[in-house]
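Fold and contact review
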Amino acid sequence: MLLLQNARIASENSPVLLESDVLFVEGKIQDIGSGLAVPKGARVIDARGRVLMPGMFDAHVHFRAPGFENKETITTGSEAAINGGVTGVVMMPNTRPAIDSAAVVATVLENAKHRSRIPVYTSGCVTKNRDGKELAEIEGMHRLGVTMLTDDGDTTNDPAVLLRAMQYATEFGMFFASHCEVPELAGPRALNEGVMSYRLGIKGSPACAEEIIIDRDIRLARAAGAHVHIQHVSSKEGMETIRWWKSRGDVKVTAEVAPHHLLFTDEHIGDYDTNYKMNPPLRTQADCDALLEGLKEGVFDLIATDHAPHTPFEKAQDFVSAPNGITGLETALVSLYHFFVRPEKFGWDLVVKRYSAEPRRLMGLPIPTIEVGQPAECILFDTEAETTFTQDFMKSKSQNTPFIDQTLKGRVDLVILGSEILLER
Amino acid sequence: MARKDLLDIASLHREEIEFLLDQSTSFKKLFTRSVKKIPALEGKSVLMLFYEASTRTHSSFEVAAKRLSAEVTNFDVAHSSITKGESVRETIETLQAMRTDYIVVRHSHPGLPGMIARQTTASVINAGDGAHEHPTQALLDAFTIKEKFPDPRGKRVLIIGDILHSRVARSTSTLLQKLGVEVAYLGPGSLVPKYVPESIRRFTDYEAAMAWAPDVVYLLRVQMERQDVQFFPSVREYHRVYGITTARLAEIRDKGLYIMHPGPVNRGVELCDAVMDYERSLITNQVENGISIRMAVLDWLTPGGDFPKQEAYNAQQKASSPVIVP
C-alpha cells in the first residue's frame with residue numbers, strides 16, 4: 001500500500017492540476033481525495049508540490065537488439081526509459097537481423113519479457129531485411145501482436161511495394177509508420193540544406209526530400225484505405241502537408257514530432273558537433289516554431305523521441321563518418337518541462353495527451369489514468385528539483401545527447417508500475 | 001599571436017592575415033638566391049597526411065617545409081592500416097605517439113582536420129577538407145592579388161564555377177572579403193547555392209556577371225569526381241555558357257582583367273587553351289606563391305603545449321549552445 005499525499009494530478013483532459021491524495025493498493029488506484037486516512041501499514045510519501053501523471057509511452061525507440069548490443073540492449077534501453085519516466089515503448093525494427101519475421105519478433109518479445117521491467121513492444125519491417133524489395137512475412141508478425149509496420153531508418157522507396165504492403169496488411173488491422181526521405185535527394189549526410197550546410201561544406205539534405213515522401217505515403221495510404229503514421233517530422237512544410245491531409249478527413253493519418261526537432265536547429269551543430277547529427281536533420285528556427293504550433297494544434301498526435309543510441313567511439317568520429325541519432329528517453333520529459341511547460345508554452349495536459357495517452361491509442365493499448373479503479377502506471381515529477389544528465393545519471397548504454405552534462409529544471413522522482421516502484425529518487 | 005593550428009580562414013583575424021602575407025613577401029625573396037634554404041624549422045618534423053590525391057598542394061607543402069629545413073615524412077595512406085579498416089581517430093592516436101611537430105592533412109570529410117587538431121599536440125594545417133576550407137590556397141590567392149593590387153580594397157573578384165563543391169571558393173571568398181575585396185559567384189544554378197552569404201553577389205548569367213565589372217576572374221576547376229549526380233548537361237555546354245571561350249578571352253584582354261585558377265586546369269572546359277598564354281593570367285604566380293605562403297604558415301604556427309582534448313571541446317561547445325540555458 002502506498003499513499004501519496006497532496007500530489008498535483010495531471011491529465012490529458014484538463015490544464016488544471018487537481019491537488020489530492022492518491023492511495024495505491026495491490027497495483028491499483030483505490031482512492032483519490034483530500035485528507036485520505038492513512039491505512040494501517042501503508043507507506044506515505046509527501047508529494048506536495050509534485051505532479052502525478054500517467055507514465056509516458058514512447059512509440060519510437062531503438063533498443064539495438066538483436067545485433068548492436070554494444071550500443072543498447074533491451075535491459076539498458078528499458079532502464080533508460082524508466083529513468084526518464086517512460087513506462088512503455090515500441091522498438092523499431094532496424095536491427096541485425098532486422099525484425100522482419102515471426103521468428104525474430106518471437107525472440108525479441110521473449111527477451112523483452114525477461115529483460116525489461118516495463119512493457120516493450122516491437123514494430124515489424126514492411127520489407128524483408130528492410131531492403132525495400134520483397135514484402136516481409138507480415139501476417140506471421142501480426143499473429144504475435146505486431147501492429148506497426150515500418151522500414152524505419154529508411155523509406156520504403158518503391159511506392160508500388162509500399163502500396164501492395166498497405167493493401168495487404170490493412171486487412172489484418174495493421175498500420176504503417178513512415179520514415180520520410182527521398183534517398184536520392186537526401187544523400188548520406190544528415191544536415192539540413194541551407195546556410196549551415198554551405199558554411200560547413202557538407203552537401204545538405206533539403207526539406208523537400210522529407211516533404212515529398214510525407215505527401216506520397218499519405219496518398220498511398222488513401223489509395224489503399226490504410227492508416228499511415230508519419231514519423232519524426234522535422235520541417236514546417238512537412239507539418240503543413242499533414243495538416244492539410246488531416247483537414248480533408250479522407251485518409252487516416254497520424255504523426256509524431258521529436259523533442260529535438262522542437263528544440264534545436266542546424267545552427268547548434270556549430271563546429272561539427274556530432275551530438276546534433278540526426279535523421280531527419282535539424283532544420284531552422286522557423287521549422288521549430290512551426291512544429292511547436294503543430295504540436296499544440298494537434299497536427300502531431302504524439303511526441304516520440306527516436307531514442308537512437310550509439311557508442312562514444314562512433315560519435316567521436318568526424319561529422320560525415322559519425323552515425324545519425326541521439327538518445328532521448330532520459331531527457332525527453334525533463335526537457336519538455338524545462339523548455340515548454342515551465343515557460344508556459346504549453347501545459348501538462350498536452351504532455352500527458354501527446355506523450356502518454358495518444359501513443360498508446362496509436363498502438364491500441366489501454367490508457368492509464370489517475371482515476372479510482374485504474375491500474376497503477378504513473379510517475380511523480382518534481383518541478384522545482386533539477387536533473388543533471390551526467391554519465392552516472394544515464395542508464396542507457398550510450399550518452400550521445402546534446403544534454404550530456406547539462407542541468408535542466410525538473411526531475412522524475414518516482415515511477416510506479418503495478419505493485420512495483422520501478423524508480424525512486 | 002601565434003597559433004597551434006591553421007584550420008580555416010573564418011577564424012583568422014585581419015592582423016594575422018596581414019602578418020602572414022608580409023612574411024610570405026620575405027620568404028619569397030629567398031627564391032632568387034642560389035641557396036633557398038633557411039634553418040628556421042631545423043629539427044622539426046612535418047607529416048604529410050593526404051587521404052585525397054593531390055599534386056600541387058602536396059608538393060608545395062613539401063618544398064616549403066624543406067626550405068625551412070624541416071624533416072618531411074609522407075604518410076602513405078594507400079599502404080597504411082587505414083586500408084585495414086583503421087579509423088582516423090586510431091591513426092591519429094598512433095601519430096600522436098610519434099610526436100610529430102606538424103601534420104598537414106587533406107581529407108574528403110569536412111571538419112576532420114579540426115578533429116585531428118583536438119587530439120594531437122602537433123600543429124595541424126588544413127590542406128583541404130571536403131567542400132569546407134582550404135586556408136593556404138586562400139592565403140596564396142590573396143597574396144597573388146595583392147602583388148597586383150597592393151591595396152585591394154574595393155577591387156572585385158568574380159569566382160566562376162562549381163561553388164557547391166568548392167572549398168577554394170569558400171576560403172578565398174572569406175579571406176578576400178576580410179581584405180575589403182568584393183566577391184561574386186557565377187555558375188550554373190545547380191552549383192551556386194541560393195543560400196550563399198548575402199555579402200556575396202550571386203550570378204548565373206555570364207553577361208550579367210561581367211557587367212558587374214570584376215577586376216579578377218577566378219575560375220574553379222570543374223570537379224567531375226565530386227558530382228554524384230549530373231549538375232549540368234555536358235562539359236561542352238558548360239564551356240559555352242560559363243567557360244572562358246576564345247571570344248570571351250578577347251573581351252577580357254580588352255578590359256585588362258586578371259585570370260586566376262587554383263589548378264589543375266581542365267582545358268577546354270573552364271578555359272580555352274589560349275588563356276594559358278594570356279599575359280594577365282596569374283595561374284603560375286599562384287603556384288609559386290603557394291610555397292612562400294606555406295613557409296610563412298609553417299614558420300608562424302607553434303606546435304606543442306596543451307591541446308584542447310575532444311571531451312573538453314565538446315563540453316565547451318555545449319556550454320556555448322544558445323538553447324540549453326535555463
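Cut-offs applied
Residues numbered from 1 in each chain as written. Chains lettered and ligands numbered in written order. Predicted model: local features only at pLDDT ≥ 70, side-chain atom pairs only at ≥ 80, totals over all residues. Heavy atoms only, no water. UniProt positions renumbered as here; feature names shortened; annotations may be inferred. Axes fitted to C-alpha atoms, helices over the stretch in contact; angles between N-to-C directions. Helix = DSSP H or I, 4+ residues; strand = E, 2+ residues; numbered from the N terminus. Parallel < 35°, antiparallel > 145°, perpendicular 65-115°, else oblique. Left-handed = near helix turned anticlockwise from the far one by under 90°. Contact = heavy atoms within 4.5 Å. Expected span 1.5 Å × (residues − 1). Buried < 20%, exposed > 50% of the residue type's maximum accessible area, 1.4 Å probe, protein only. Buried area = accessible area lost by both parts, 1.4 Å probe. Salt bridge = Lys/Arg side-chain N within 4 Å of Asp/Glu carboxyl O. Polar contact = N/O pair within 3.5 Å; in protein donor to acceptor, adjacent residues only side chain to side chain. Nonpolar A, V, L, I, M, F, W, Y, C, P; charged D, E, K, R; others polar.

Under an unreviewed UniProt entry, the name given to chain B is Aspartate carbamoyltransferase, and the source organism is Hymenobacter aerilatus. Regarding chain B, the relevant UniProt record gives this comment under Function (unreviewed entry): "Catalyzes the condensation of carbamoyl phosphate and aspartate to form carbamoyl aspartate and inorganic phosphate, the committed step in the de novo pyrimidine nucleotide biosynthesis pathway." Note on chain B: under the UniProt heading Sequence similarities (unreviewed entry), the record states "Belongs to the aspartate/ornithine carbamoyltransferase superfamily. ATCase family."

Per an unreviewed UniProt entry, chain A goes by the name Dihydroorotase and belongs to Hymenobacter aerilatus. A UniProt comment under Sequence similarities (unreviewed entry) is attached to chain A, and it reads "Belongs to the metallo-dependent hydrolases superfamily. DHOase family. Class I DHOase subfamily." For chain A, the Pathway (unreviewed entry) comment in UniProt is given as "Pyrimidine metabolism; UMP biosynthesis via de novo pathway; (S)-dihydroorotate from bicarbonate: step 3/3."

A few points about the packing of helix α2 (residues 56-67) of chain B against helix α10 (residues 283-300) of chain B
All names here are of chain B. The contact between α2 and α10 brings their axes to 8 Å, and the two run at 55°. Between α2 and α10, the interaxial angle falls into the category oblique. Here α2 runs over α10; the crossing is right-handed. Only Val287, Gly290, Ile291, Arg294, Met295 and Leu298 of α10 make contact with α2, whose side of the interface consists of Arg56, Thr57, Ser60, Phe61, Val63, Ala64, Ala65 and Arg67.

Digging into helix α7 (residues 207-224) of chain A
Note that an α-helix has 3.6 residues per turn; residues three or four places apart therefore point the same way. Residues and elements named next belong to chain A. Under the 1.5 Å per step criterion, the end-to-end length of α7 is 26 Å for 18 residues, consistent within 8% with the ideal 26 Å. Residues of α7 that are buried include every one of Ala209, Glu210, Glu211, Ile213, Ile214, Arg216, Asp217, Ile218, Leu220, Ala221 and Ala224, and no others. Contacts made by the buried residues of α7 are with α4 (159-169), β10 (175-178), α5 (183-186), β11 (227-230), α8 (236-248) and β12 (252-257). Remark: Gly225 follows α7 within two positions and exhibits a positive phi of approximately 70°.

Comments concerning helix α10 (residues 285-297) of chain A
Residue and element names in this part refer to chain A. Given a rise of 1.5 Å per residue, 13 residues ought to cover 18 Å, and the 18 Å separating the end C-alpha atoms of α10 matches this to within 8%. Buried within α10 we find Asp287, Cys288, Ala290, Leu291, Leu292, Gly294 and Leu295. Close packing links the buried residues of α10 with α8, β12, α9 (259-263), β13 (302-303), α12 (332-341) and α13 (348-363). Just past α10, the residue Gly298 takes up positive phi, approximately 100°.

Considerations on the interface of chain A and chain B
Facing 34 residues of chain A, the contacting portion of chain B comprises 34 residues. Buried area between chain A and chain B, summed over both chains or domains, comes out near 2,600 Å², and the portion from carbon and sulfur atoms is 60%. Close ionic contact of Arg118(B) with Asp271(A) constitutes a salt bridge, the shortest N to O distance being 3.7 Å. The tally of links from chain A across to chain B stands at seven residue pairs in polar contact (both at pLDDT 80 or more). Listing elements by their share of the side of chain A that touches chain B, those giving two or more residues are α6 (195-200) and α12 of chain A. A total of five residues in the side of chain A that touches chain B trace back to one element, the largest contributor, which is α6(A). Class assignment of the residues belonging to the side of chain A that touches chain B gives a composition of 17 nonpolar, 11 polar and six charged.

A look at the UniProt feature "domain: Dihydroorotase catalytic" (unreviewed entry) in chain A
Feature annotation in UniProt places "domain: Dihydroorotase catalytic" (unreviewed entry) on residues 49-237 of chain A, given in this structure's numbering. For residues 49-237 of chain A, the end-to-end C-alpha separation is 40 Å, with 38% helix and 16% strand making up the annotated structure.

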